[in-house]
Amino acid sequence: MVCALDPSIPMAFLASSMISYNNSVVVAGPLISIGISRRVARIASGISIMLGALALGWAMKTPHMCGWDSAFGAYIAILIPTLFSTYLGVPFSASIALIGSRVGGDLALGLVDYTWITETSLLWLASGFLVFILTITIYRVLGTVLWRFRRISHILGASRAIVAMLSIASGILLGANTLGFLSSLECHKLLWLVALGGAAAALPGSGMLEGMFRWLSVRHLSTSSIQISIVAGIAVATLLGLPLSHTYALMISATGYSTSSGMSIFSRRQLLRAGKSWMCSLAIGMGISWVAGVLKTYLAPI
């Protein structure tokens, strides 16, 4: 039973709120690009992320030693970098940091779950291949469809509806996968509170962050291949109960789109920066969680 003074309550809520606020552009950016007001797009982000966590967050696998000892380092590893990245207007990969924090926490406790690490690693490799191939395939199919129906005027309206539905689906899966993973660190006992933190996505956000996702535009419906692939990849990961980063899926999908269309969404330098940020996120999560776990272990008897 969770008491009123349990420190995990405010920390879980703050971590969830920061993750949701920082990553809400996955939903808000594409919605704004199709003409929906920023306020409505933000509210849609908060609702979809919150409902996704409530409805599907329980599907994420719990660690063998879930609880406050496992979650404490993760909360610290999420709060500090996310506050810093949000202040700078730069997206932070919460999923990768959470993976690192879980590994770091397990190392501090001497209870490393090698099976989970193997499953997660294989998922990232397989999902990267799946998302890449799926993006190329869907792009070509949509390109053929658009060419055949290029004279139909209401295709623009249909494309807006598709972008809106995919954006909401992305929000639901963000709540289910990332917030569900956060909740699993405490055996899902605070899932309701973590889900409530998803409402922070409805707060006004950085225009620069939103702009990074506005290239998902209805000017060419084939860009929906990117969103479809991301949704498919995260959905499979959630069904397996394993974490998968939206940023990772986005970069792989965008690479597949560029390969098919010949139009580069991200430059090589941007891709390298993304790779570096993933490594930093992993290292930060692992390091902070390990230090927090070690300190907590040594200070516990005092």
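What you see is a predicted model; the values in this text were computed from it and never measured. (Residues numbered from 1 in each chain as written. Predicted model: local features only at pLDDT ≥ 70, side-chain atom pairs only at ≥ 80, totals over all residues. Heavy atoms only, no water.)

**Student:** Tell me about the overall build of the chain, and please be specific about residues and values.
**Tutor:** The helix and strand inventory of the chain stands at twelve helices and zero strands. When the helices and strands of the chain are listed from N to C terminus, the series reads α-α-α-α-α-α-α-α-α-α-α-α. Residues counted as buried form 51% of the 302 residues belonging to the chain. Total accessible area computed for the chain in this model is approximately 14100 Å², and 72% of it derives from carbon and sulfur atoms. (Helix = DSSP H or I, 4+ residues; strand = E, 2+ residues; numbered from the N terminus. Buried < 20%, exposed > 50% of the residue type's maximum accessible area, 1.4 Å probe, protein only. Areas by Shrake-Rupley, 256 points an atom, 1.4 Å probe, with all protein chains shown as cover.)

**Student:** Can you break down helix 10 (residues 224–240) residue by residue, with the values?
**Tutor:** Taking 1.5 Å of rise per residue, 17 residues should cover 24 Å, and helix 10 covers 25 Å from first to last C-alpha, within 8% of that figure. Where helix 10 is concerned, the buried positions are Ser-224, Ser-225, Ile-226, Gln-227, Ser-229, Ile-230, Val-231, Gly-233, Ile-234, Ala-237 and Thr-238. (Expected span 1.5 Å × (residues − 1).)

**Student:** Account for the side chain of Thr-238, with residues named and values stated.
**Tutor:** Relative to the elements of secondary structure, Thr-238 occurs in helix 10. Residue classification places Thr-238 among the buried residues on the basis of a relative accessible area of 5%. If sequence neighbours within four positions are ignored, Thr-238 has contacts with Ala-59, Met-60, Leu-173, Ala-176 and Asn-177. (Contact = heavy atoms within 4.5 Å.)

**Student:** Any chance you could break down the packing of aromatic side chains for me, citing the residues and the numbers?
**Tutor:** The final tally for this structure, using the stated rule, is three aromatic pairs. Considering the side-chain rings of Trp-116 and Phe-181, the 5.9 Å spacing of their centres and the 25° angle between planes classify their relative orientation as stacked. One end of the pair, Trp-116, is in helix 6 (residues 114–148); the other, Phe-181, is in helix 7 (residues 155–184), with 65 residues separating them in the sequence. For Phe-181, a relative accessible area of 1% puts it in the buried group. Centroid distance Tyr-139 to Tyr-257: 5.4 Å. Interplanar angle 90°. Geometry classified as edge-to-face. Within this pair, whereas Tyr-139 is found in helix 6, its partner Tyr-257 is found in helix 11 (residues 246–261), the two being separated by 118 residues in sequence. We note that Tyr-139, like Tyr-257, is buried. The ring of Tyr-21 carries the charged tip of Arg-42 above its face, separated from the ring centre by 5.8 Å. (Phe/Tyr/Trp six-rings, centres within 6.5 Å; stacked < 30°, edge-to-face > 60°. Lys NZ or Arg CZ within 6 Å of the ring centre and 35° of its normal.)

**Student:** Describe in detail unusual backbone geometry, supporting the description with residues and values.
**Tutor:** The residue Cys-187 is not glycine, and still its phi comes out positive at about 65°. One can find Cys-187 in the loop between helix 7 and helix 8 (191–197). For Cys-187, a relative accessible area of 36% translates into the label partly exposed. The backbone of His-188 sits at a positive phi, close to 65°, despite the residue not being glycine. Looking at the element boundaries, His-188 is found in the loop between helix 7 and helix 8. A relative accessible area of 16% means that His-188 is categorised as buried.

**Student:** I'd like a description of the packing of helix 10 against helix 11, backed by residues and values.
**Tutor:** It is the contact of helix 10 with helix 11, at a shortest axis distance of 9 Å, that shows an interaxial angle of 140°. Looking at the two axes, helix 10 sits oblique to helix 11. Regarding helix 10 and helix 11, the two cross each other, and that crossing is right-handed. Judged by residue contacts, Ser-225, Ile-226, Ser-229, Ile-230 and Ile-234 of helix 10 engage His-246, Ala-249, Leu-250, Ser-253, Ala-254 and Tyr-257 from helix 11. In terms of residue class, the contact of helix 10 with helix 11 is built from seven nonpolar, four polar and no charged. (Axes fitted to C-alpha atoms, helices over the stretch in contact; angles between N-to-C directions. Parallel < 35°, antiparallel > 145°, perpendicular 65-115°, else oblique. Left-handed = near helix turned anticlockwise from the far one by under 90°. Nonpolar A, V, L, I, M, F, W, Y, C, P; charged D, E, K, R; others polar.)

**Student:** Got a sec to walk through the confidence of the model for the chain? Specific residues and values, please.
**Tutor:** Confidence along the chain averages 80 in pLDDT terms, with 82% of residues attaining 70 or more. By mean pLDDT, helix 9 (residues 207–211) is the weakest element of the chain at 48, and helix 8 is the strongest at 94. (pLDDT = per-residue confidence, 0-100.)

**Student:** Give me the side chain of Ser-24: which residues, what numbers.
**Tutor:** When you line up the elements, Ser-24 lands in the loop between helix 1 (8–23) and helix 2 (25–33). Within polar-contact distance, the side chain of Ser-24 engages the backbone oxygen of Tyr-21 at 3.0 Å. Within the local environment of Ser-24, its side chain forms a polar contact with the side chain of Arg-42, the two groups lying 2.3 Å apart. Excluding anything up to four places from it in sequence, Ser-24 contacts Arg-42, Ser-45, Ile-49 and Ala-201. (Polar contact = N/O pair within 3.5 Å; in protein donor to acceptor, adjacent residues only side chain to side chain.)

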